[in-house]
Amino acid sequence: MIANDLVAAAGSPGAVVHVRDDGKVQEAAAGFADPATRTPMRVDHRFRIASITKTFTAAITLQLVRERRLALRDTLGELLPGVLPGAGRVTVEQLLNHTSGIPDYLTDSRFMDAIVDGGMHTRDWPPRELLGYGGRPGRSGVNRYSNGNFILLGLIIEKVTGQSYAEVLRDRVTEPLKLRDTELPRDLRPSGLATGRQGDGPGATVVNSSIFWSAGGLVSTAGDVGAFYEALFGGKPAVSGGEPAEGSAPRRLLEGAALKRADGLGIFADRLPCGTRVWNHSGMIYGYSGVAMSSEDGRRQVVVQLNSPAAGQAIAAAGRLMCR
């Protein structure tokens with residue numbers, strides 16, 4: 001079983017593997033959700049999904065674009081005047097595809113010292129405070145992965161909608177798709193969360209999600225993430241014409257096609273060794289790692305989640321499952 005192999009290869013306490021083929025689901029769990037109590041891992045255990053959050057944020061952003069409440073060419077100077085000195089000309093599209101030149105606050109040693117050594121992993125971090133780390137923006141147009149891009153998108157979503165990011169996520173994604181285990185948690189240790197392992201460092205499980213917010217703060221199950229990726233890249237309209245009947249759960253989010261623009265907005269395009277092309281996003285955070293993939297035709301989705309920071313192993317395992 002690939003879940004058992006993952007536990008051994010990654011040195012992870014536990015693993016969950018979720019595969020969808022044309023909507024038919026197979027799942028497996030192995031190892032422990034909490035080694036200290038010998039609690040077995042279950043397929044419904046939740047994980048911090050880290051940067052897989054970015055696909056959720058991108059989908060919401062592109063919903064607002066489709067509704068003409070926002071445009072990909074809109075700039076930070078227009079949307080959030082003064083939020084980040086030197087970045088006024090950065091566009092929404094550049095935030096989505098990581099070509100803004102905005103630095104990544106998570107690579108700032110001052111920030112990491114505060115979180116890891118300063119014991120500030122449980123305090124609340126306002127988004128604008130996060131953006132104060134990382135230094136001044138560099139030249140735009142060059143691809144440079146940055147969590148700061150998606151913190152800014154979270155602020156834009158709140159500005160345009162007049163709601164909190166958590167409320168928008170609930171109203172536009174999790175409730176319509178019935179993703180009951182996906183949320184931006186307020187609790188330091190959300191219910192149903194597998195215990196993360198991060199060596200001997202602090203904060204592997206008890207962490208304030210505001211540290212990562214709209215760039216990486218969500219918790220979810222492998223099943224919810226798989227259903228979300230199917231809604232984006234696979235499935236069929238619930239009724240003729242593409243819109244679901246009132247009161248029914250939609251089976252597709254129309255933003256899937258827009259996410260694929262220019263090789264990915266909040267998503268990445270990769271070709272696996274077997275030749276299969278996939279849309280995917282991985283994530284790694286204190287004590288957790290994982291990846292979500294969808295085949296290009298949307299017929300197959302694979303999600304792998306670990307309660308350890310072994311993203312490379314999760315990605316390799318998901319690739320093998322996509323190639324079967």
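Heads up: the structure comes first, above all this text.
These figures come from a predicted structure and were not determined experimentally. (Residues numbered from 1 in each chain as written. Predicted model: local features only at pLDDT ≥ 70, side-chain atom pairs only at ≥ 80, totals over all residues. Heavy atoms only, no water.)

1. Notes on the layout of surface pockets
Here is step 1: Quantified by volume, the largest pocket comes out at close to 360 Å³.
Here is step 2: Lining the largest pocket are 21 residues, with Ser51, Leu106, Asn147, Met284 and Ile285 positioned closest to its centre.
Here is step 3: Where the lining of the largest pocket is concerned, the elements lending two or more residues are helix H9 (213–216) and strand E7 (277–285).
Here is step 4: Tallying contributions element by element places E7 first for the lining of the largest pocket, with six residues.
Here is step 5: A class-by-class count of the residues in the lining of the largest pocket yields 12 nonpolar, eight polar and one charged. (1 Å grid on protein atoms, 1.4 Å probe; cavity = no way out; pocket = protein on both sides within 12 Å on 5 of 7 lines; lining within 4 Å. Points joined across faces, edges and corners; volume = space filled by probe spheres on them. Helix = DSSP H or I, 4+ residues; strand = E, 2+ residues; numbered from the N terminus. Nonpolar A, V, L, I, M, F, W, Y, C, P; charged D, E, K, R; others polar.)

2. Re the pattern of salt bridges
Here is step 1: Scanning all chains against the criterion turns up 14 salt bridges.
Here is step 2: Note that Glu255 is salt-bridged to Arg66, the shortest N-O span being 2.5 Å. With Glu255 in the loop between helix H10 (222–233) and helix H11 (256–259) and Arg66 in helix H2 (residues 53–66), this pair connects stretches of sequence that are 189 residues apart.
Here is step 3: Under the relative-accessibility criterion, Glu255 is labelled buried at 2%.
Here is step 4: If you follow the salt bridges from partner to partner, you end up with Glu67, Arg69 and Arg172 in one network. (Salt bridge = Lys/Arg side-chain N within 4 Å of Asp/Glu carboxyl O. Buried < 20%, exposed > 50% of the residue type's maximum accessible area, 1.4 Å probe, protein only.)

3. Some thoughts on the packing of aromatic side chains
Aromatic ring pairs are defined here through the distance separating the ring centres and the angle between the ring planes.
Here is step 1: All told, the structure shown has 11 aromatic pairs when counted by the stated rule.
Here is step 2: A centroid spacing of 6.3 Å and a plane angle of 35° characterise the contact between Tyr145 and Phe268, whose relative ring orientation is tilted. In this pair, Tyr145 is assigned in the loop between helix H6 (127–130) and helix H7 (147–161) and Phe268 in strand E6 (residues 268–271), connecting sequence segments 123 residues apart.
Here is step 3: Note on Tyr145: relative accessible area 34%, which makes it partly exposed.
Here is step 4: Taking 5.7 Å as the distance between ring centres and 55° as the angle between the ring planes, the aromatic pair formed by Tyr165 and Trp213 counts as tilted. You can see Tyr165 sitting in helix H8 (residues 165–174) and its partner Trp213 sitting in helix H9, a full 48 residues away along the chain. (Phe/Tyr/Trp six-rings, centres within 6.5 Å; stacked < 30°, edge-to-face > 60°.)

4. Thoughts on H8
Here is step 1: When we look at burial in H8, the residues that qualify are Tyr165, Val168, Leu169, Arg172, Val173 and Thr174. One face of H8 carries all of its buried residues, which in axial projection span an arc of 150°.
Here is step 2: Those residues of H8 hidden inside the fold are in contact with H2, H7, H9 and H10. (Arc of directions from axis to C-beta. Contact = heavy atoms within 4.5 Å.)

5. Quick word on the packing of H2 against H7
Here is step 1: One way to put it is that H2 packs onto H7 with a least axis distance of 10 Å and a crossing angle of 40°. The angle between H2 and H7 falls in the class oblique. Judged by the twist between their axes, the crossing of H2 over H7 is left-handed. Across the interface between the two elements, Lys54, Thr57, Ala58, Ile60, Thr61 and Leu64 of H2 pack against Asn147, Phe150, Leu153, Ile157, Val160 and Thr161 of H7.
Here is step 2: Its residues assigned to classes, the contact of H2 with H7 shows seven nonpolar, four polar and one charged. (Axes fitted to C-alpha atoms, helices over the stretch in contact; angles between N-to-C directions. Parallel < 35°, antiparallel > 145°, perpendicular 65-115°, else oblique. Left-handed = near helix turned anticlockwise from the far one by under 90°.)

6. Some points on helix H1 (residues 2–10)
Here is step 1: Those residues of H1 lying buried are Ile2, Ala3, Leu6, Val7 and Ala10. Along the axis of H1, the buried positions cluster into a sector of 145°, meaning they face one direction only. Residues of H1 that are exposed and angled more than 90 degrees away from the buried face: Ala8 and Ala9.
Here is step 2: Where H1 is buried, its residues meet strand E1 (14–21), strand E2 (24–34), strand E9 (300–306) and helix H12 (311–322).
Here is step 3: Where H1 ends, the next residue or the one after it, Gly11, has phi of about 65°, a positive value.

7. Structural notes on the nonpolar core
Here is step 1: Ranked by size, the top nonpolar core spans 75 residues in total, and within it Phe56, Leu76, Leu96, Leu152, Ile156 and Phe228 carry the most contacts.
Here is step 2: The leading source of residues in this core is H7, at eight residues.
Here is step 3: With residues up to four places along the chain from it excluded, the contact list for Leu76 reads Pro81, Ala87, Gly88, Val90, Leu95, Ile102, Leu152 and Ile156. (Core = buried A, V, L, I, M, F, W, Y, C linked by side-chain atoms within 4.5 Å.)

8. Observations concerning the state of the cysteines
Here is step 1: Scanning all chains against the criterion turns up one disulfide.
Here is step 2: The side chain of Cys274 participates in a disulfide bridge whose partner is Cys323; the two sulfur atoms lie 2.0 Å from each other. Its torsion about the S-S bond being -75°, the disulfide of Cys274 and Cys323 is classed as left-handed. On the criterion of sequence distance, the pair formed by Cys274 in the loop between E6 and E7 and Cys323 in the segment after H12 is long-range, its members being 49 residues apart.
Here is step 3: Judged by relative accessible area, which is 42%, Cys274 ranks as partly exposed. (Disulfide = S-S within 2.5 Å.)

These values are about where atoms sit, not about what they do.
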